[in-house]
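# Reading the structure
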Amino acid sequence: MDLTYTEEEEAFRARLREWLAEVLPKLPPKPAAADWPGRRAYDAAWQRRLYDAGYAGLHWPVDAGGQGATPTQHLIYLEETEKVGAPYVGANFVGLLHAGPTIAAEGTAAQRARWLPPILRGDEIWCQGFSEPDAGSDLAALRTRAVRDGDDYVVSGSKIWTSHAEVADWCELLVRTDSEAPRHRGISWLAMPMDAPGVTVRPLRTLAGSAEFAEVFLDEVRVPAAHRVGAEHDGWRVTMVTLSFERGTAFVGEVVACRRVLGALARTARANGRWDDAVLRRRLGRLHAEFAALWRLTQWNVSEAQSTGGVPGSGGSVFKLRYSHARQELYDAAAEVLGAASLDAEQEWVADRLSALSYTIAAGTSQIQQNIVAERILGLPKGR
């Protein structure tokens, strides 16, 4: 991996900076955190701007509707947009970072033509229907059933922690299509329309006071068999593709954001006198090195994904494992720098700190990531 920039890449950076300087001042104010219909509209409008300017799906393959950019151009885009505080994917994140790349890698030509353009334009929002009340980290224990009935599957069961379900048009849904098969078999990956009869959504309020998650109840929901991505009963393999994107490249923009927050913390510490504390300075310095290393690992993972046809490898688990804990350590340090101000509910960092607590659980718990690293990278025997 060459970490230097070519003239073409620097020209790309300059064009991007010029475009961002032109469009960002024209954006309307962000909706309130609890206004998810408003946030959906805001995020969709930003995605449409990216699409019209040629920045949507920048790193997606050209035959999937993307721009076919190099890994370095993708990373330049993430750096530059985060530096100036441009909107992130927001409510589009499941479609753009999980479902879309999975469909691009595993879908038929008809499925790619149907679902990828609306995702890239911001016309359709996706949610993720993987976890269940009794099958969170143990995803293979899922019980939601799909029984074949002619050209449809009839789906019954429930999902939990379904991101943005209340504003989503589609759901990437894991179902059990063979109840007699071993745990990791007999599973299928479906694209389910959220307005189908029998779908009930109940929002969940998080510790931070937001409601971006929901329970989803499925009562004999009919999903066309043509909406199955991959072969019937082969959904576990397809799911591993989805999770490789979620753990491998979906967090890359957040690393840049954490580095920006760390810089802001250092400036705050200098302003409020906390910089005189040598222990705190050492802590911030170690975090600086930590996120610099994570950024290099991000570059590695993005480059690896490019060389393997767009699917990240198991190195994504190394990244996700360390990033989850580093993010929590960052916001613990923020509380130390801010002191009593860290208890002010109006502080943006307070909500971010509460959100950071979920990262060792979301997208696979740290214990699951440790198992993956041990077995798939280090070659250790499976635990009993």
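So, here is what we can say about the structure in this document.

What counts, and at which threshold
- Residues numbered from 1 in each chain as written.
- Predicted model: local features only at pLDDT ≥ 70, side-chain atom pairs only at ≥ 80, totals over all residues.
- Heavy atoms only, no water.
- Axes fitted to C-alpha atoms, helices over the stretch in contact; angles between N-to-C directions.
- Helix = DSSP H or I, 4+ residues; strand = E, 2+ residues; numbered from the N terminus.
- Parallel < 35°, antiparallel > 145°, perpendicular 65-115°, else oblique.
- Left-handed = near helix turned anticlockwise from the far one by under 90°.
- Contact = heavy atoms within 4.5 Å.
- Nonpolar A, V, L, I, M, F, W, Y, C, P; charged D, E, K, R; others polar.
- Buried < 20%, exposed > 50% of the residue type's maximum accessible area, 1.4 Å probe, protein only.
- Expected span 1.5 Å × (residues − 1).
- Phe/Tyr/Trp six-rings, centres within 6.5 Å; stacked < 30°, edge-to-face > 60°.
- Lys NZ or Arg CZ within 6 Å of the ring centre and 35° of its normal.
- Salt bridge = Lys/Arg side-chain N within 4 Å of Asp/Glu carboxyl O.
- Polar contact = N/O pair within 3.5 Å; in protein donor to acceptor, adjacent residues only side chain to side chain.
- Core = buried A, V, L, I, M, F, W, Y, C linked by side-chain atoms within 4.5 Å.

What follows covers the packing of helix α4 (residues 93-106) against helix α5 (residues 109-121). Their axes nearest at 10 Å, the elements α4 and α5 cross at an angle of 155 degrees. In terms of orientation, α4 lies roughly antiparallel with respect to α5. Considering the relative orientation of α4 and α5, their crossing is left-handed. Taking contact as the criterion, the partners of Gly95, Leu96, Gly100, Ile103, Ala104 and Ala105 in α4 are, on α5, Gln111, Arg112, Trp115, Leu116, Ile119 and Leu120. Partitioning the contact of α4 with α5 into residue classes produces 8 nonpolar, 3 polar and 1 charged.

Of note, the phi angle at Trp161 is positive, near 55 degrees, even though the residue is not glycine. Relative to the assigned elements, Trp161 resides in the loop between β3 (152-159) and β4 (170-176). At His164, a position not held by glycine, the phi torsion is positive, near 60 degrees. You can see His164 is positioned in the loop between β3 and β4. Judged by relative accessible area, which is 4%, His164 ranks as buried.

Looking now at α5. Given a rise of 1.5 Å per residue, 13 residues ought to cover 18 Å, and the 18 Å separating the end C-alpha atoms of α5 matches this to within 8%. Among all positions of α5, only Gln111, Arg112, Trp115, Leu116, Pro118, Ile119 and Leu120 are buried. Where α5 is buried, its residues meet α2 (36-53), α4, β1 (126-129), β4, β5 (187-193) and β8 (228-229). The positive-phi residue at the C-terminal boundary of α5 is Gly122, with phi of around 80 degrees.

Next up on the list: the environment of Gly66. Position of Gly66 relative to the elements: it lies in the loop between α2 and α3 (71-83). Measuring from C-alpha to C-alpha, the distance between Gly66 and Ala56 comes to 6.8 Å, with 10 residues separating the pair along the chain. Residues in contact with Gly66, not counting those within four places in the same chain, are Ala56, Gly57, Trp60, Pro61 and Leu120.

With that settled, the discussion passes to the packing of aromatic side chains. Under the counting rule described, the total for this entry stands at 8 aromatic pairs. Aromatic side chains Trp19 and Trp46 sit 5.7 Å apart centroid to centroid with 40 degrees between the ring planes, which places their arrangement in the tilted category. Separated by 27 residues along the polypeptide, Trp19 in helix α1 (residues 7-23) and Trp46 in helix α2 bring together distant segments of the chain. Each member of the pair Trp19 and Trp46 is classed as buried. Ring pairs connect the aromatic residues Phe12, Trp19, Trp46, Tyr55 and Tyr77, which therefore count as one cluster. Over the aromatic face of Trp36 sits the side chain of Arg39, whose NZ or CZ is 3.8 Å from the ring centroid.

Along the polypeptide, Thr162 turns up in the loop between β3 and β4. Under the relative-accessibility criterion, Thr162 is labelled buried at 1%. The contact partners of Thr162, leaving out residues within four places of it in the chain, are Cys127, Gln128, Gly129, Glu212, Phe213, Ala214 and Val216.

Right, let's talk about the pattern of salt bridges for a bit. Considering all chains together, one arrives at 25 salt bridges under this definition. The closest approach of N and O atoms between Glu80 and Arg13, which form a salt bridge, is 2.6 Å. Placement of the pair is Glu80 in helix α3 and Arg13 in helix α1, with a sequence separation of 67 residues. Across the pair, Arg13 and Glu80 agree in class, each one buried. Here the salt bridges share partners, and the residues they tie into one network are Glu10, Arg13, Arg17, Glu79, Glu80 and Lys83.

What follows concerns the side chain of Asn92. Relative to the assigned elements, Asn92 resides in the loop between α3 and α4. Classification of Asn92 as buried rests on a relative accessible area of 3%. Only 3.2 Å separates the side chain of Asn92 from the backbone oxygen of Asp43, close enough to count as a polar contact.

Let us look at the nonpolar core. In terms of nonpolar packing, the biggest core is built from 66 residues, with Trp126, Trp189, Phe291 and Leu330 touching the most fellow members. Per-element accounting of this core gives the leading share, 8 residues, to helix α9 (residues 315-338). Counting residues in hydrophobic clusters, the runner-up holds 24 residues, among them Cys127, Ala165, Cys171 and Leu218.

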